[in-house]
Amino acid sequence: MKILYIPADNITANFSRSYHIAKNLSPHCDLYRVIWDDNRSILWEGKKASSLNGLKCFLNSIFQKDKIVKSSDFGYEVYSSVFISAFVGRIIGKYRALKWMRKYNALTLKKIVEKIKPDIIFHADGYYFFPALNSNIPEFSDLQDDINWSNIPNKNLNEAKNYYTKQFSNSKLNFIVSESAKSNIIQHISTEFTPISNGADFDEISNISNNQQEKFRSKFKIPNNKKIASYIGGAHKFDIEFTKKLTQKAEKELPDLIFVLAGNLPSFEANNVIFTNIISNKEANVLYTISDLGLTLKNTKNNDFIYNSVPLKFIQYAAAKKHIVTFPIKWSVDHNFKNITHIDNENIDEWILAVKNILNKSLWNNDLDIMWKEYDWKTIGKSIINEIKNNI
């Protein structure tokens, strides 16, 4: 089977659901992945976004020469002229730029299809960058997050809903990250969705060596005699004021604990906090294994986008056999994972108590292994390819 795969991003850090689905479909098919210069990569390299970077990525993407190359990672990489709206949106308005992007990319998609002649088109971008081709080639889609409707201007909201309804209706099957994301999106779009959860690379995480752990500790000056509470993620899911309060209280209550915070995060000075800035996917896997517990650090109250997500890091901590303390995420609440403690408020004393309880008795057992077994990306890749075969 030959699959033309349109990713949700081309961020060079290679951490997203879109990337992992592509990687784990590739053993079962000839996978051709559309490539462009993603303006968000710079954030995951620890640098600041800028208009100059946005312009550079726009020009690099739209003036790409047509070529198909064997990837050094997996499958094939497809280069063609791709319109990315981020920079243009600053000039003409985000929603108008989206419409221009989709109109342009529809022409690019036709050209790519004529060259590759795929059996399947897989829109892992949820039709954000590329609209459906509407040909005799079966199309499938995936939504790696709920659509953030609050980012769409009110005057364009009905038009956006009509666009997505039309696009998803063209699919043989629409995958989505969770039941909660599905429940939310069908309030806006009258189309069927099939939940397929996020996953983790269990083999890679379980094979992290002592040498890798020691190098990571040395690189970021993490003391060997300290317990580690870690957060790995982006600034949009990070509340600096809440984090300051939590770490200040922990310095008094948990003197043997250090916080290791990784990602494109705003920082502050504290004796018990280490900011690593951006780390690679491989380094993140090491951090999961040396942590004693994982954290989320932004309240999900009144934030449906976060509340309806399936955080990749939850599964990655589980692959490393770790416990988590978090604000409520509907997916993990509904599944009642025994290694996840949910706190639905910002009461620092309650958070400190939860952390203490985990550090004192954070045992892992076979029941937890069984509970998380289905969340291996390899298993998820097989499930998706089987669903595709059953629907063509």
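To be clear, the structure that these remarks concern was listed above.
Chemist: Would you take a moment to explain the overall build of the protein for this structure?
Modeler: Looking only at helices and strands, the protein features 16 helices and 14 strands. Expressed as a percentage of the 392 residues in the protein, the buried residues total 55%. Partitioning the intrachain contacts of the protein with sequence separation of at least 6 by distance along the chain shows that 69% fall at a separation of at least 24. The averaged location of the 41 negative side-chain charges in the protein is 5 Å from the averaged location of its 51 positive side-chain charges.

Chemist: Mind showing me how you'd approach helix α12 (residues 312–319) here?
Modeler: Helical geometry: 3.6 residues make up each α-helical turn, so side chains three or four residues apart lie on a common side. Burial analysis of α12 places eight of its eight residues in the buried class, the great majority of the element. Taken as a whole, α12 has its buried residues at Leu312, Lys313, Phe314, Ile315, Gln316, Tyr317, Ala318 and Ala319.

Chemist: I would appreciate a short explanation of the packing of helix α4 (residues 94–116) against helix α5 (residues 157–169) in the present structure.
Modeler: Helix packing for two helices is described by the angle between their axes and how far apart those axes are. At their nearest, the axes of α4 and α5 sit 12 Å apart, and the two run at 25° to each other. Considering the angle they form, α4 stands roughly parallel to α5. Considering only the axes of α4 and α5, their crossing is left-handed. Contacts from Tyr95, Lys99 and Arg102 of α4 reach α5 at Glu159, Ala160, Tyr163 and Tyr164.

Chemist: Explain the sheet that holds strand β6 (residues 139–143) here, please?
Modeler: Backbone hydrogen bonds hold the strands of a sheet together, and the pairing may be parallel or antiparallel. In space, the eight strands of this open sheet follow the order β3-β4-β2-β1-β5-β6-β7-β8, with mixed pairing throughout. Edge positions in the sheet fall to β3 (67–70) and β8 (194–195), since each of these pairs with one other strand and no more. Bridge count between strand β2 (residues 30–35) and strand β4 (residues 76–79): four bridges; the pairing is parallel. Across the sheet, valine 34 pairs through a bridge with valine 78, a residue of β4.

Chemist: Would you mind showing me how to read the environment of lysine 166 here?
Modeler: With respect to the helices and strands, the residue lysine 166 is situated in helix α5. The class of lysine 166 is exposed, set by a relative accessible area of 54%. Distance from lysine 166 to isoleucine 189, taken between C-alpha atoms, is 9.1 Å for residues 23 residues apart in sequence.

Chemist: What exactly am I supposed to notice about the sheet that holds strand β10 (residues 257–262) here?
Modeler: Pairing in this open sheet of six strands is parallel, and the strands run β11-β10-β9-β12-β13-β14 from one edge to the other. The sheet terminates laterally at β11 (273–277) and β14 (340–342), the two strands that pair on one side only. Neighbour-to-neighbour, the strand axes of the sheet open up by a mean angle of 25°, direction not taken into account. By the bridge criterion, four bridges tie β10 to β11 in an arrangement that is parallel. Looking at β11, one finds that alanine 262 is bridged to asparagine 277. Running at roughly 155° to β10, helix α9 (residues 240–253) makes contact with β10, β11 and β12 (293–295) of the sheet.

Chemist: What am I meant to see in the side chain of asparagine 53 here?
Modeler: Mapped onto the fold, asparagine 53 is located in helix α2 (residues 51–62). Its relative accessible area of 13% is what places asparagine 53 among the buried residues. Setting aside residues up to four positions removed in sequence, asparagine 53 forms contacts with Asn39 and Ile42.

Chemist: Can you help me understand the environment of lysine 65 in this one?
Modeler: Among the structural elements, lysine 65 can be located in the loop between α2 and β3. Sequence spacing of lysine 65 and valine 78 is 13 residues, and the spatial spacing of their C-alpha atoms is 10.0 Å. Each residue touching lysine 65, except ones within four places of it in the same chain, is listed here: Tyr79 and Ser80.

Chemist: Explanation requested: empty space enclosed by the protein in the structure shown.
Modeler: If you roll a probe as big as a water molecule over the atoms, it shows you where there is empty space left. Following the criterion strictly, the structure yields three cavities of 30 Å³ or more and no others. In this model, the largest cavity occupies a volume close to 110 Å³. Among the residues forming the lining of the largest cavity, the class breakdown is six nonpolar, four polar and three charged. Roughly 70 Å³ of volume is contained in the second largest cavity. Taken together, Asp66, Lys67, Ile68, Val78, Tyr79, Ser80, Lys111, Ile112, Lys115 and Ile116 make up the lining of the second largest cavity. Residue assignment for the lining of the second largest cavity shows that the elements contributing at least two residues are β3, β4 and α4. Per-element accounting of the lining of the second largest cavity gives the leading share, four residues, to α4. In terms of residue class, the lining of the second largest cavity is made up of five nonpolar, one polar and four charged.

Chemist: Could you clarify how one ought to interpret the side chain of serine 141 in this entry?
Modeler: Along the polypeptide, serine 141 turns up in strand β6. The class of serine 141 is buried, set by a relative accessible area of 0%. A polar atom in the side chain of serine 141 sits 2.5 Å from the side chain of asparagine 174. Beyond its immediate sequence surroundings of up to four residues, serine 141 is in contact with Phe122, His123, Tyr127, Phe168, Ser171, Leu173, Asn174 and Phe175.

Chemist: Please clarify how the nonpolar core should be interpreted in this entry.
Modeler: Formed by 77 residues in total, the largest nonpolar core has its most connected members in Trp331 and Trp372. Not counting the four nearest positions on each side in its chain, tryptophan 372 is found in contact with Phe202, Phe314, Ile315, Ala318, Trp331, Phe337, Asn339, Ile340 and Trp364. In terms of nonpolar packing, the next biggest core, distinct from the first, is built from 26 residues, Leu257, Val273, Leu297 and Ile348 among them.

Chemist: When you look at the environment of tryptophan 351 in this model, what are you seeing that I'm missing?
Modeler: Relative to the elements of secondary structure, tryptophan 351 occurs in helix α14 (residues 348–361). C-alpha separation for the pair tryptophan 351 and leucine 246, spaced 105 residues apart in sequence, amounts to 7.7 Å. When neighbours within four sequence positions are excluded, tryptophan 351 is seen to be in contact with Phe242, Leu246, Leu295, Thr296, Val325, Thr326, Phe327, Ile343, Asn345 and Glu346.

Calculation criteria
Residues numbered from 1 in each chain as written. Predicted model: local features only at pLDDT ≥ 70, side-chain atom pairs only at ≥ 80, totals over all residues. Heavy atoms only, no water. Helix = DSSP H or I, 4+ residues; strand = E, 2+ residues; numbered from the N terminus. Buried < 20%, exposed > 50% of the residue type's maximum accessible area, 1.4 Å probe, protein only. Contact = heavy atoms within 4.5 Å. Lys, Arg positive; Asp, Glu negative; His and termini not counted. Charge placed at Lys NZ, Arg CZ, Asp CG, Glu CD. Axes fitted to C-alpha atoms, helices over the stretch in contact; angles between N-to-C directions. Parallel < 35°, antiparallel > 145°, perpendicular 65-115°, else oblique. Left-handed = near helix turned anticlockwise from the far one by under 90°. Pairing = 2+ DSSP bridges. 1 Å grid on protein atoms, 1.4 Å probe; cavity = no way out; pocket = protein on both sides within 12 Å on 5 of 7 lines; lining within 4 Å. Points joined across faces, edges and corners; volume = space filled by probe spheres on them. Nonpolar A, V, L, I, M, F, W, Y, C, P; charged D, E, K, R; others polar. Polar contact = N/O pair within 3.5 Å; in protein donor to acceptor, adjacent residues only side chain to side chain. Core = buried A, V, L, I, M, F, W, Y, C linked by side-chain atoms within 4.5 Å.

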